Amino acid sequence: MTDTLQEKIVERDFFARPVEEQNDFLHQTWCNHCMEVDLGMKNPKEFETKDRVWIEGDCSKCGHSTITEIVEDDEEE
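Visitor: Honestly, the overall build of the protein chain in this entry has me stumped. Any pointers?
Guide: Across its full length, the protein chain holds one helix and six strands. The order of helices and strands in the protein chain, counted from the N terminus, is β-α-β-β-β-β-β. For the protein chain, buried positions account for 29% of its 77 residues. A separation of at least 24 residues holds for 39% of the contacts in the protein chain among residues at least 6 apart in sequence. Carbon and sulfur atoms form 47% of the exposed surface of the protein chain, whose accessible area is close to 6,100 Å².

Visitor: What exactly am I supposed to notice about the nonpolar core here?
Guide: What tends to happen in soluble globular proteins is that the nonpolar side chains get buried as a cluster. In terms of nonpolar packing, the biggest core is built from seven residues, these being Phe14, Phe25, Leu26, Met41, Val53, Ile55 and Ile70. When residues of this core are traced back to their parent elements, those giving at least two are α1 (19-27) and β5 (53-59).

Visitor: Can you help me understand the environment of Asp24 in this one?
Guide: Looking at where Asp24 falls in the secondary structure, it is placed in helix α1. Taking the C-alpha atoms as reference, Asp24 lies 9.8 Å from Asp38; in sequence the two are 14 residues apart.

Visitor: What is the right way to read the state of the cysteines from this model?
Guide: Cysteine pairs can be covalently joined through their sulfur atoms, and such a bond is termed a disulfide. Tallied over the entire structure, the rule returns zero disulfides. Cys59 carries a free sulfur, and the closest cysteine sulfur to it, the one in Cys31, is 3.8 Å from it. Residue Cys59 is classed as buried on the basis of its relative accessible area, which comes to 1%. Free of any disulfide, Cys62 has its nearest neighbouring cysteine sulfur in Cys34, separated by 3.6 Å.

Visitor: Please explain the sheet that holds strand β4 (residues 41-48) as it appears in this structure.
Guide: The strands that make up a sheet pair up through hydrogen bonds in the backbone, lying either parallel or antiparallel. On the basis of which strands lie adjacent, the open sheet formed by four strands has the order β1-β4-β5-β6 and antiparallel pairing. The open sheet has two free edges, formed respectively by β1 (10-12) and β6 (65-70), since each of these has just one partner strand. Within this sheet the neighbouring strands show an average axis-to-axis angle of 30°, counted without direction. Bridge analysis of β1 against β4 gives three bridges, and the strand direction is antiparallel. Looking across to β4, one finds that Val10 is bridged to Glu48.

Visitor: Got a minute to help me understand the pairing of β6 in this structure?
Guide: Both faces of the sheet carry side chains from a regular strand, because those side chains alternate between them. Side chains of β6 alternate between two faces, with Thr66, Thr68 and Ile70 buried and Ser65, Ile67 and Glu69 left unburied. Pairing of β5 with β6, which is carried by six bridges, proceeds in the antiparallel orientation. Bridge pairing links Glu56 to Ile67 in β6. Linking β5 back to β6 in an antiparallel pair, the connection comprises five residues, with Gly63 at a positive phi of about 85°.

Procedures and definitions
- Residues numbered from 1 in each chain as written.
- Predicted model: local features only at pLDDT ≥ 70, side-chain atom pairs only at ≥ 80, totals over all residues.
- Heavy atoms only, no water.
- Helix = DSSP H or I, 4+ residues; strand = E, 2+ residues; numbered from the N terminus.
- Buried < 20%, exposed > 50% of the residue type's maximum accessible area, 1.4 Å probe, protein only.
- Contact = heavy atoms within 4.5 Å.
- Areas by Shrake-Rupley, 256 points an atom, 1.4 Å probe, with all protein chains shown as cover.
- Core = buried A, V, L, I, M, F, W, Y, C linked by side-chain atoms within 4.5 Å.
- Disulfide = S-S within 2.5 Å.
- Pairing = 2+ DSSP bridges.
- Axes fitted to C-alpha atoms, helices over the stretch in contact; angles between N-to-C directions.

So this is what it looks like as C-alpha cells:
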C-alpha cells in the first residue's frame, strides 16, 4: 500500500465553548465499555477534520476512552 487516506486532525479548544454547552457535551455521553448512556466524561479534548468534529475523554464511571461526535449546525438565521 503506497497511498493511505490520512485526514489532517486538528485539536480545538473545547473550553472556548460556552460553559452550558461544555456541560451538555460532558454529561450526554455513551460509553462503549459500560454500555450505558450519560455517565459523563472527564479530561475532554476536542478535535476536527475536514468532515467531522468530536470530543474524546475518559468515562466518569470506568475510565475507558469515550468519544462524542458533534454535529455542528451551519444554518444561521
